[in-house]
Each structure stands twice: as structure tokens, then as C-alpha cells.
Amino acid sequence: MSSSPKRRCVRPVGPNGSAETWSTTNVNVYTTDHPWILNNYSFQDAKGEHIKSSPFTSDFDGETDCKWFLYLKPRGEKNCKSKGDNDSKSKFENNIKPKGENDCKPKIENNSKPKSETNSKPKGENNNKPKGENYSKPKSAENDGKSKNENDSKPKDDEYVALYLHLDPSSQCKNIFAKTKFSIVTENQKEAKSWDSSITEFIVSADGPKPKRLSWGCAKFVQRCELLNPENNLLPNDTLTIFCKIEYSQVIFTNTSHSSKSIPSRPALPNNRLSEDFGVLLKSNDFADALISANGVNYPVHRTILMARSPVFSAMFKYDDMQETETKCVNIPDIEENVLKELLRYIYTGKVEKLEDLAGGLLAAADKYDLTELKDMCEIELIENLSIENAANTLVLADLYRADELKSEAMNFVVSKSAKIMNTEAWDCLVAPRLQLVNEVCKALSHRLDRNFK
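Rules behind the numbers
- Residues numbered from 1 in each chain as written.
- Predicted model: local features only at pLDDT ≥ 70, side-chain atom pairs only at ≥ 80, totals over all residues.
- Heavy atoms only, no water.
- Core = buried A, V, L, I, M, F, W, Y, C linked by side-chain atoms within 4.5 Å.
- Buried < 20%, exposed > 50% of the residue type's maximum accessible area, 1.4 Å probe, protein only.
- Helix = DSSP H or I, 4+ residues; strand = E, 2+ residues; numbered from the N terminus.
- Contact = heavy atoms within 4.5 Å.
- Arc of directions from axis to C-beta.
- 1 Å grid on protein atoms, 1.4 Å probe; cavity = no way out; pocket = protein on both sides within 12 Å on 5 of 7 lines; lining within 4 Å.
- Points joined across faces, edges and corners; volume = space filled by probe spheres on them.
- Nonpolar A, V, L, I, M, F, W, Y, C, P; charged D, E, K, R; others polar.
- Axes fitted to C-alpha atoms, helices over the stretch in contact; angles between N-to-C directions.
- Parallel < 35°, antiparallel > 145°, perpendicular 65-115°, else oblique.
- Left-handed = near helix turned anticlockwise from the far one by under 90°.
- Phe/Tyr/Trp six-rings, centres within 6.5 Å; stacked < 30°, edge-to-face > 60°.
- Lys NZ or Arg CZ within 6 Å of the ring centre and 35° of its normal.

J.: Account for the nonpolar core, naming residues and giving values.
T.: Nonpolar side chains tend to gather and get buried jointly when the protein is soluble and globular. Ranked by internal contacts, the top residues of the largest apolar core, which has 40 residues, are I292, F313, L340, L343 and I347. Going through the elements one at a time, β15 (290-294), β16 (297-301), α8 (303-309), α9 (311-318), α11 (337-349), α12 (355-368), α13 (372-384) and α14 (391-400) are the ones with two or more residues in this core. Ranked by the residues each element gives to this core, the list is headed by α12, at eight residues. Not counting chain neighbours up to four residues away, the residues in contact with I292 comprise V297, N298, Y299, V301, L306, F313, V330, I332, L340 and L344. Membership of the second largest hydrophobic core comes to 32 residues, among which are V161, L167, I176 and C244.

Printed below as a string of C-alpha cells:
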């Protein structure tokens, strides 16, 4: 959760130049994020009952708590079963009507005009009609020119999944304004089917026996057929992940007066240039006292920096019986030139460029020279970019360089997409020769099948 950023006191410029005094009116807005994971969603949809998330809290400056929960209706507003009720709506809905995006249209009341006015006709109107002719509108005209088949093709309310955010009445916060965003998180950690609300007032207490509004959301968040269709990949491994973002405020105005005389002048803080300065040292070769040789190319380096960053390099230059101590040269024959350059850049500056393209080579180098942070960076990059084409190669890299987290993620990915991955050329070339690894994949696949049939 983060509050509104504090605004800097900057002298505004008016029509006649800079002002000597001015005022500001601020409102603090807070943000909270909450992912909701629904496992085995197809079974929950089949049961058809309303689903309620666990409550989650947010606060105002660490003092007043707001308690929220999410409420999902797999069968929409009409046909969703509610446990313990014979009606289609749950108990709290009978007291509080959730308003969705499609329910915000103003209602036209039938009693807005007197009956005499609505039913009155100008005199002589019926006498002007020629006899024998029927002037009543055909059904197609009443439906704005749409045929019966076109009207029937519209999705009904029960063909949608409804989703609401609810403010618990026991919350300490009272009468807050909130803006909500719902979205479905896909297998690639991307948002799909997002819905944004307008700013809405949640009223916990009000005059009268019942609260005015505790719930707000979307009655037609996503079509059921679209959500359950495997081709849309909205339910990876039959798991629905909903991401809820709430921006909320009690809209308490804070007025502040300013004067140009009250603004102290102070110098700006200098930027931390440590990383940049060490990068310059690497490029300049000044005071270099050792060499790294790879494929006939020598790279001047500084032993103290290499020893401070890598335990392996430290052992090479520290002990007298090591060849590198005597020659002051480290030969690395099994590394590509662009990978070595990025390895040295990381050692000197802690940064890496083109990590997406070089993650595999840098993972091997990080494992060899015990650079744990660089190894973690490579694992994360490889996990985020897992695909059917590279899964086999990634699994081999993880097994070869003892990247446990990467191996676990790659193994799960291969098992879940086994039919496609085992038909790729990468599987035949890279994984098949490693019988032990193939055996692990088969065991993981067997466990997955056992769970599905139980």
C-alpha cells in the first residue's frame, strides 16, 4: 500500500510572474492490490454457488483499517445458486443492491407523468385514420429494426460471470470513495479482461436502518463460454486468477498556505556514481594488474575487484600455488565474447545489458564463478520467458547448473505442455540423451496424471 506522494513546495507562476504567496488543497489517495486465486475453477462453476474470497485489509496511514472481500457469481445475476437461500440473490444482496457498470443508467419512472397526460391524445387523431388500415407498429419496428433472431442472439445475464468488491460493514473506515480495477491474470502473468470502475462512494453507516451501498462491481465481467474455453487460456491448469486494484480515499481536504520566504534553499543531493565510476575504470584499463583471456582475446582487469566479487577469482589470485597467481592471467576457453563482456560488466557495476539474450550463457558463468546474485537474475529471466520452444533447453540448463528454482518451474511447464514439447526438435536433441532427467520428467508427469484421476 502506498499513500499519495508528498508534493514539493514549488513557487507557482501566475499571469504577472511568480507569486509571493499561494495555497494548495490536497487529498491523500491510497492504493492496495489483491490477487484472488480460484483453483479447480471448472468444478466451482459447475456447482454454481456464489463464491466469496477471504477478507483482506488496507489502512489509512496505519491507523484505520478497511476490510474488503471479493464476491464472484459464476452463473451471473439470475441463475446463480446461493447456499441457504431459495432466491437467486444472496442475503446481503437483498439488503444492498450491487451496482455494476451496466446498472448505472438512470431509471425512468412510470409515475413521472400523470396518467391523463400519458394517455391523452389530440382530439380527432383517431378520426384522421383511414378506415380499414391498421397503424400499429410491427414488432420489428418496436425492436429498433432488429429481428427476433437478432434479439435472441444477445447473451443473457446468466451467461456472464459477475464480480463485485464488497466493503465489510465491520470496517473501521466510514464513507470512503474508491476506484476499482478487476482483471484476469493469464499464464504469462499478463492482464486480460480488465474492467475499470468510476469513483464510487462506499457508505458503511447512514441515516436509517440500512446502509446505502457496500458493494460495487461488474454484472457482466466476462462471458462464461469465453472464460471456460481452453483456447482463450484464461484458466491455466483450471485456475482462475483475479487481480483487484483499489484506489481509495476518505477525501479529507488539507489546505496549506505557502510563502516564498518560507522555502529554504538547499543544494541538490549528488547522484550516486559508484557504479558508473567502476564502469569507467573497466573501460579505461587504468592500473589493471591482470588479464582474462578468452578465445585469443585479452581483457585487462583489476585483481582486487575480481577477488572482492567472486570467491572463485579470490582463490585463484590468493594462493601462491595457483597458476593464476604466478601468471596473473585467467584463461576461460569455454565462454563467448559477448557473454564475457557482460560478466565483467556485472562484476564491476552490478548491472547487465541484453540479459534476455544472454541469460543461458551468463547462468553458466555465474555458476562457475559463484556469483549468486547474477545466477538469480538469470533464473528469473529464464522463468519469465519459458515457452514451448525453449522449455527443453531451459530444463537442461537448470539441471546442468544446479538452478533448483528454475528446474522446478521448467519441470512444471514441461509436464503441463508435455504433448507439444515432446514433439519439438529441442526435446530430441537436448533432453533425450539425458536419461536421468527424462526419468524425472516421467515421474512428475505420472504424479500429475494420478492426481487428475483421483
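From this point, the discussion proceeds with the structure in view.
J.: For helix α7 (residues 274-284), give the residues involved together with the corresponding values.
T.: All of the buried residues along α7 are S275, G279 and L282. The buried residues of α7 occupy an angular sector of 55° when the element is viewed end-on, so they sit on one face. Tucked inside the fold, the buried residues of α7 contact β16 and α11.

J.: Break down the side chain of S293 for me, citing the residues and quoting the values.
T.: With respect to the secondary-structure elements, S293 resides in strand β15. S293 sits in the buried class, given a relative accessible area of 13%. If we skip the residues at most four places from it in the chain, S293 touches N298, C329, V330, N331 and I332.

J.: So, the layout of surface pockets: which residues are in play, and what are the values?
T.: Counted as a void, the largest pocket has a volume near 790 Å³. Lining the largest pocket are 25 residues, and of these E187, Q189, N237, E409 and F413 lie nearest its centre. Of all the secondary structure elements, the ones that give two or more residues to the lining of the largest pocket are α13, α15 (404-416) and α18 (435-453). If one sorts the elements of the lining of the largest pocket by residue count, α15 sits on top with six residues. A class-by-class count of the residues in the lining of the largest pocket yields nine nonpolar, ten polar and six charged.

J.: Which residues make up the packing of α7 against α11, and what values do they have?
T.: Two numbers describe how α7 lies on α11: the axes approach to 8 Å, and their chain directions differ by 135°. The angle between α7 and α11 falls in the class oblique. Our pair here, α7 against α11, has a crossing hand that is right-handed. Residues S275, F278, G279 and L282 of α7 lie in contact with α11, whose contacting residues are L344, R345, Y348 and T349. Among the residues forming the contact of α7 with α11, the class breakdown is four nonpolar, three polar and one charged.

J.: Go over the packing of aromatic side chains with me, naming the residues and quoting the values.
T.: Inspection of every chain in the model, using the stated rule, returns five aromatic pairs. An aromatic cluster is built from Y30, W68 and Y248, whose rings are joined through pairwise contacts. Here K52 stacks its cationic end above the ring of F69, 4.3 Å away from the centre of that ring. Seen from the ring of Y346, R309 lies directly overhead, with NZ or CZ sitting 5.0 Å from the centre.

By themselves these figures say nothing about function.
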